[in-house]
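Fold and geometry: a report
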Amino acid sequence: MQALLGFDIDLWDYLTFLTLALCVVALGIIWLFLAGLPGRIAIARKHPEAEAVKYLGYAGLLPTVYPWMQALIWAFKPTDIVDIRRFPREEAIETDKEIARLRGLPSTMHAAVAESSAEAVADKQAMRSEKTPSAVEEGKP
């Protein structure tokens, strides 16, 4: 075999290098799993800002653990806040479209876009005839 600083390299040296490489790869996989955890939690909980939580989770483990902890807390934050620019049904549809995009489900996203467009047309026609959606249409008791 070859000589390394006067020592012969044998099978055990190669196995040591292979074990070290496998440990580095395993550490990288564990880091990616932990860094992506807040984003996966936010997507599963249909968080409106799931993409921001995902990016903060990945960026948070680079310098310190503090931003990652913020992302983890943000992922569990209650998401029942209503945006006053849209009706609650429209906000839920927009959130579902964003979650479908983050999960990589284009067919779900296209179906949501078609449904949202049809509801937007119906809402626009109702507004033109000066009718507002009733509480029953909005899904409220």
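Our subject is the structure that appears above.
Described below are features of the structure shown in this document.

Moving on, we get to the overall build of the chain. Per the secondary structure count, the chain includes five helices and two strands. In the chain, the succession of α and β elements from N to C terminus is β-β-α-α-α-α-α. Burial statistics for the chain: of 141 residues in total, 23% are counted as buried. Put simply, of all contacts in the chain between residues at least 6 apart along the chain, 55% involve residues at least 24 apart.

Now for the pattern of salt bridges. Inspection of every chain in the model, using the stated rule, returns three salt bridges. A salt bridge links E51 to R101, with the shortest nitrogen-to-oxygen separation between them at 2.5 Å. Note that E51 is positioned in helix α2 (residues 50–60) and R101 in helix α4 (residues 88–103), a separation of 50 residues in sequence. Given the relative accessible area of 22%, E51 is considered partly exposed. Of the residues examined, R101 reaches a relative accessible area of 39% and is grouped as partly exposed.

Taken N-terminus to C-terminus, the directions of α2 and α4 make an angle of 40 degrees; their axes are 10 Å apart at the nearest point. Looking at the two axes, α2 sits oblique to α4. Between α2 and α4, the contacting residues are A50, E51 and K54 on the first element and E98, I99, R101 and L102 on the second. Grouping the constituent residues of the contact of α2 with α4 by class yields three nonpolar, no polar and four charged.

When the terminal C-alpha atoms of helix α1 (residues 11–44) are compared, their 47 Å separation across 34 residues agrees well with the 50 Å that a helix rising 1.5 Å per residue should span. Approximately 40 degrees is the largest bend angle found in α1, and it occurs at L37, with the proline P38 only one to four residues beyond. A35, G36, P38, G39, I41, A42 and I43 are the residues of α1 that are buried. Contacts from the buried residues of α1 go to α2, α3 (66–75) and α4.

A cluster of nonpolar side chains, L11, W12, L15, L18 and L22, forms an exposed patch at the surface whose accessible area comes to about 550 Å². As for its placement among the helices and strands, W12 is situated in helix α1.

Glancing now at the nonpolar core. Counting 13 residues, the largest nonpolar core has A42, I43, A50, V53 and A75 as the members making the most contacts within it. Of all the elements in the fold, those that place two or more residues in this core are α1, α2, α3 and α4. What A50 contacts, discounting residues up to four positions off in sequence, is A42, I43, I99 and L102.

Quick notes on the rules
- Residues numbered from 1 in each chain as written.
- Predicted model: local features only at pLDDT ≥ 70, side-chain atom pairs only at ≥ 80, totals over all residues.
- Heavy atoms only, no water.
- Helix = DSSP H or I, 4+ residues; strand = E, 2+ residues; numbered from the N terminus.
- Buried < 20%, exposed > 50% of the residue type's maximum accessible area, 1.4 Å probe, protein only.
- Contact = heavy atoms within 4.5 Å.
- Salt bridge = Lys/Arg side-chain N within 4 Å of Asp/Glu carboxyl O.
- Axes fitted to C-alpha atoms, helices over the stretch in contact; angles between N-to-C directions.
- Parallel < 35°, antiparallel > 145°, perpendicular 65-115°, else oblique.
- Nonpolar A, V, L, I, M, F, W, Y, C, P; charged D, E, K, R; others polar.
- Expected span 1.5 Å × (residues − 1).
- Bend = angle between axes of the 7 residues up to and from the residue.
- Patch = residues over 30% accessible without salt bridge, like charges linked within 9 Å, V, L, I, M, F, W, Y side chains within 5 Å.
- Areas by Shrake-Rupley, 256 points an atom, 1.4 Å probe, with all protein chains shown as cover.
- Core = buried A, V, L, I, M, F, W, Y, C linked by side-chain atoms within 4.5 Å.

Limitation: the analysis is restricted to geometry and does not speak to function.
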